[in-house]
Amino acid sequence: MAIRTQPVTVNLGPQHPSTHGVFRMRVMFDGEEIVDVEPIFGYLHRGSEKLAEERTYTQIVTLTDRMDYVSSMLNNQAYILAVEKLAGIEPVPRGVWLRMIASELQRVASHLVATGFLLQDLGALGTPLIYAMRERENILDMFEMLCGARITNSYLRPGGVFMDAPDEFWPALDRGLDDIIQTIDELEEYLSGNELVFSRTKGTAVITPEQLINASITGPMLRASGVDWDLRHRAPYDYYDRITFERKLHTASDNYARYWVRVQEVRESVKIIRQCVEQIEPGPVRPSFDDVPRLIRPPAGDAYVAIEGSKGELGFYLVSDGGIAPYRMHVRASSLINLTLLRDMLIGGQFGDLFVTFGSVDLNMGEVDR
Amino acid sequence: MIGLGLPRGFLVTLKNFMRPAVTEQYPDRHVGLIGAARDAGMNPFQFLVKKPGDSLKAIAGLATVPVAVKQSSRFRGNEFTFFEDRCTACASCAKYCPLGIIEIVSIPGKIDAQEGESYKLEVFDIDIGRCMFCGLCVEACPYDALHMGTSFERSKYVRDELIITKEELNAAPKRPSSFYRPQFEENAFDPFKETIDDYHDAGRHERPSDEDLKKKWVDER
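Residues numbered from 1 in each chain as written. Chains lettered and ligands numbered in written order. Predicted model: local features only at pLDDT ≥ 70, side-chain atom pairs only at ≥ 80, totals over all residues. Heavy atoms only, no water.

(A) The arrangement of the overall build of chain B in detail. A tally of regular secondary structure across chain B gives nine helices and seven strands. On C-alpha atoms alone, chain B measures out to a radius of gyration of 26 Å, which is more than a quarter above the 17 Å that the 2.2 N^0.38 rule sets for 221 residues. Across its three principal directions, the C-alpha atoms of chain B cover 85 × 60 × 40 Å. A total of 221 residues make up chain B; the buried ones form 37% of that total. Sequence separation of 24 or more characterises 70% of the internal contacts of chain B that already satisfy a separation of 6 or more. As displayed, chain B has an accessible area near 13500 Å², and 56% of this comes from carbon and sulfur atoms. Of note, chain B has its 30 positive side-chain charges centred 9 Å away from the centre of its 34 negative side-chain charges. (Helix = DSSP H or I, 4+ residues; strand = E, 2+ residues; numbered from the N terminus. Rg over C-alpha atoms; globule rule 2.2 N^0.38 Å. Buried < 20%, exposed > 50% of the residue type's maximum accessible area, 1.4 Å probe, protein only. Contact = heavy atoms within 4.5 Å. Areas by Shrake-Rupley, 256 points an atom, 1.4 Å probe, with all protein chains shown as cover. Lys, Arg positive; Asp, Glu negative; His and termini not counted. Charge placed at Lys NZ, Arg CZ, Asp CG, Glu CD.)

(B) The nonpolar core, seen in detail. Core analysis: the biggest nonpolar cluster contains 108 residues, and A:Tyr79, A:Tyr155, B:Phe80, B:Phe124 and B:Leu146 have the highest contact counts within it. Broken down by element, this core gets its largest block of residues, 13 residues, from helix 4 (residues 93-122) of chain A. Discounting residues that sit within four places of it in the chain, A:Tyr155 has contacts with A:Met73, A:Asn76, A:Leu98, A:Ala102, A:Leu146, A:Cys147, A:Val161, A:Phe162, A:Met163, A:Asp164 and A:Ala165. In terms of nonpolar packing, the next biggest core, distinct from the first, is built from 27 residues, A:Ile207, A:Leu341, A:Val361 and A:Met365 among them. (Core = buried A, V, L, I, M, F, W, Y, C linked by side-chain atoms within 4.5 Å.)

(C) Representation of the packing of aromatic side chains. All told, the structure shown has 14 aromatic pairs over all chains when counted by the stated rule. Aromatic side chains A:Tyr256 and A:Tyr259 sit 5.7 Å apart centroid to centroid with 50° between the ring planes, which places their arrangement in the tilted category. On the criterion of helical spacing, the pair formed by A:Tyr256 and A:Tyr259 is a turn pair, its members being three residues apart in helix 11 (residues 255-279). Overall, the relative accessible area of 6% leaves A:Tyr256 in the buried class. Of the aromatic side chains, those joined through ring pairs into one cluster are A:Tyr155, A:Phe162, B:Phe179 and B:Tyr180. Seen from the ring of A:Phe289, A:Arg294 lies directly overhead, with NZ or CZ sitting 4.3 Å from the centre. The ring of B:Tyr96 carries the charged tip of A:Arg294 above its face, separated from the ring centre by 5.7 Å. (Phe/Tyr/Trp six-rings, centres within 6.5 Å; stacked < 30°, edge-to-face > 60°. Lys NZ or Arg CZ within 6 Å of the ring centre and 35° of its normal.)

(D) How the structure looks around the domain arrangement of chain B. Segmenting chain B into domains produces domain 1 (24-70) and domain 2 (80-205). Here domain 1 of chain B and domain 2 of chain B have C-alpha centroids that lie 39 Å from each other. (Domains from an automatic or database assignment.)

(E) View of the sheet that holds strand 1 (residues 7-12) of chain A. All names here are of chain A. Reading across the sheet, the three strands line up as 1-2-3 and stay open at both edges, with antiparallel pairing between neighbours. In the strand order of this sheet, the two ends are held by strand 1 and strand 3 (33-40), each with one partner. The mean angle between the axes of side-by-side strands here comes to 20°, regardless of whether they run parallel or antiparallel. When strand 2 (residues 24-30) meets strand 3, the two strands line up antiparallel, connected through seven bridges. Looking at strand 3, one finds that Val 27 is bridged to Val 37. Contacting strand 1, strand 2 and strand 3, helix 14 (residues 354-361) crosses the sheet at an angle of about 145° to strand 2. (Pairing = 2+ DSSP bridges. Axes fitted to C-alpha atoms, helices over the stretch in contact; angles between N-to-C directions.)

(F) Structural detail: the side chain of A:Arg94. All names here are of chain A. Summarising the element assignment, Arg 94 is placed in helix 4. What makes Arg 94 buried here is its relative accessible area of 12%. The contacts of Arg 94, once residues within four sequence positions are left out, are Asp 164, Trp 170, Ile 280, Glu 281, Pro 282, Gly 283, Pro 284 and Val 285.

(G) The arrangement of helix 14 of chain A in detail. Residue and element names in this part refer to chain A. Within helix 14, eight of the eight residues are buried, which leaves it mostly tucked inside the rest of the structure. Every buried residue of helix 14 is listed here: Leu 354, Phe 355, Val 356, Thr 357, Phe 358, Gly 359, Ser 360 and Val 361. In the stretch just after helix 14, Asp 362 is the one whose phi turns positive, near 60°.

(H) Local environment of the interface of chain A and chain B. Facing the 33 residues of chain A at the interface are 36 residues of chain B. Carbon and sulfur atoms make up 49% of the area that chain A and chain B hide from each other, which totals about 2900 Å². Sorting the residues of chain A by area buried against chain B places A:Met163, A:Glu195 and A:Arg294 first, and these three jointly supply 20% of that buried surface. Run the count over chain A and chain B and you get three salt bridges. Put simply, A:Arg157 and B:Glu139 hold a salt bridge, and the shortest N to O gap is 2.7 Å. (Buried area = accessible area lost by both parts, 1.4 Å probe. Salt bridge = Lys/Arg side-chain N within 4 Å of Asp/Glu carboxyl O.)

(I) Expanded view of the environment of B:Lys57. Residue and element names in this part refer to chain B. Structurally, Lys 57 is set in helix 4 (residues 52-59). Residues Lys 57 and Leu 33, spaced 24 residues apart in sequence, show a C-alpha to C-alpha distance of 8.4 Å. Those residues in contact with Lys 57 that lie beyond four places of it in its chain are Leu 62 and Ala 63.

(J) Highlighting the environment of A:Thr183. If you trace the backbone, A:Thr183 turns up in helix 6 (residues 169-192). Apart from residues lying up to four places away in sequence, A:Thr183 is in contact with A:Tyr131 and A:Glu135.

(K) Just helix 1 (residues 5-18) of chain B, in detail. Here helix 1 of chain B contains 14 residues, and its C-alpha end-to-end distance of 21 Å stays within 8% of the 20 Å for a straight helix at 1.5 Å per residue. Within the sequence span of helix 1 of chain B, burial applies to B:Gly5, B:Gly9, B:Val12, B:Thr13 and B:Asn16. Taken down its axis, helix 1 of chain B places every buried residue within 95° of arc, on the same side. Summarising the geometry of helix 1 of chain B, the exposed residues directed more than 90 degrees from the buried face are B:Phe10, B:Leu11, B:Phe17 and B:Met18. In this fold, the buried residues of helix 1 of chain B make contact with helix 5 (127-147), helix 6 and helix 7 (195-201) of chain A. (Expected span 1.5 Å × (residues − 1). Arc of directions from axis to C-beta.)

(L) Fine view of the packing of helix 4 of chain A against helix 6 of chain A. Residues and elements named next belong to chain A. Across the interface, helix 4 lies against helix 6 with an axial gap of 13 Å and an inter-helix angle of 30°. Comparing the axis directions of helix 4 and helix 6 gives the class roughly parallel. The hand of the helix 4/helix 6 crossing is left-handed. Where helix 4 approaches helix 6, its residues Arg 94, Leu 98, Ile 101, Leu 105, Val 108, Leu 112, Thr 115 and Leu 119 are matched on the opposing element by Phe 169, Trp 170, Leu 173, Ile 180, Ile 184, Leu 187 and Leu 191. Along the lines of polarity and charge, the residues of the contact of helix 4 with helix 6 split into 13 nonpolar, one polar and one charged. (Parallel < 35°, antiparallel > 145°, perpendicular 65-115°, else oblique. Left-handed = near helix turned anticlockwise from the far one by under 90°. Nonpolar A, V, L, I, M, F, W, Y, C, P; charged D, E, K, R; others polar.)

(M) Spatial organisation of the packing of helix 11 of chain A against helix 14 of chain A. Residue and element names in this part refer to chain A. At a minimum axis separation of 9 Å, helix 11 and helix 14 run at an interaxial angle of 35°. Handedness of the crossing formed by helix 11 with helix 14: left-handed. Of the residues in helix 14, those in contact with Asn 255, Arg 258 and Arg 262 of helix 11 are Val 356, Thr 357, Ser 360 and Val 361.

(N) Main features of the sheet that holds strand 4 (residues 102-108) of chain B. All names here are of chain B. Strand order in the open sheet formed by three strands is 4-5-7, with antiparallel pairing between adjacent strands. Pairing within the sheet leaves two strands with one partner each, and these edge strands are strand 4 and strand 7 (163-164). By the bridge criterion, two bridges tie strand 5 (residues 119-127) to strand 7 in an arrangement that is antiparallel. Within the sheet, the bridge partner assigned to Ile 126 lies in strand 7 and is Ile 164.

If you want it as structure tokens, here you go:
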């Protein structure tokens, strides 16, 4: 005999530990089954795009740090590449290598956070999260050596980076990369073959590649559905054309596939960093102030540059009217666009899978709301 | 094989029990009798005899010693180091600040002062409460007068106390961070152990003497 149930609407968030920020979901349940989901966001809106219109091009770097605050270096890189394209600045080689190293380290840190919190949402209270955070801590220490800050780096400048890496950075990087591989091995040993993780993540929140492409979702989510799309490979920016790496693909497109792709990408990032360290050449880290002054006045026009961020295609669109500040800045925030399919992923699923799915999308509210 | 994943996972957790802890205690950590005695600078038996009260506390696990947090020398702390003798009141830092929180008022050192002659710095206020410590002002300073500091414990009860003035900056111990100051890294300057007392040591280059300045800016015209 079936139990008679009645749909119930529940507000999850905005102040909820599992929503990774201030995010609200109005969910309608019928028993354990999710009937309808309405994402509500905007609680963290700070108007970064508008603020950028009254700041000079170098000052905006500090705003980009605060968009996706677990991958500041990648935001910096995307923004600086857009400025370089807009103003026609030729970056110096050592600066480019350094910012590639920094941004790949940031990608590792971001994926570790995503994996750790996904498992936290699964109910693995503490252990995987702490192992992941321990590794991220090493990376943040390296950032502190590079630029003096751990989260809000502001390390990049038009044409390169502001300061060369100190001597103690290179041995620390060497040790850190070994530690990352060790942690990932450990993580895989106790999670990738774990029946509890399997039973909770395999086959949940499956979404087809067609749906993902139609919603213009990119990044690990798309690669977990078997679509080979990585901007580092398809449209190489910086010196990614001199680097060889594998694109890890999974075909299941469920929560487990998204977790697996992220873990494998950490390994690839470590390989990329090792190749960068081999190929880095001595020289200045930023162009001289005669070539690139502190106050850049790009010619009137516009530029859009997209990079492969930790969560997908991260693009910056800048419009210049010839002044010292951009006329308009727009950010293609990958988190916001990845959020659009959340409803389709959740409907028909179980209540217990809600936060697992939410964690596997890897949202960052700072980037969604900007 | 089904059923093997869980024990394998617990083996990893067990292995991590054996690893040394990575937890950092802050602002102080608990010590036993030996640690407390070492902190007081004597051996445990002396400590037991001379300070029975403290020893009891240490044995009970209530004694603490302060610990320093591991910081890089480039750390951008919540303070600034300022050398007034190096400052020419050019206001580059104020112009470069994204938030406009640096207030500078300068007056000419004398009537009809020429360019290059010294300007007197009247007001130099930084509103730390609104500062995000991006370091752009330090990057902009052409005379290496303003540096990032390394300390970060600056919480106050009243917001007005977060505006640091020129006098406060001058009186503070000079422990500049090597953020955007490669000369400190070349000299292996450690801001957590030493201070810079002479303003000549703080710059990338010597400040030209007054005669040289006069020759360059006044006599040659």
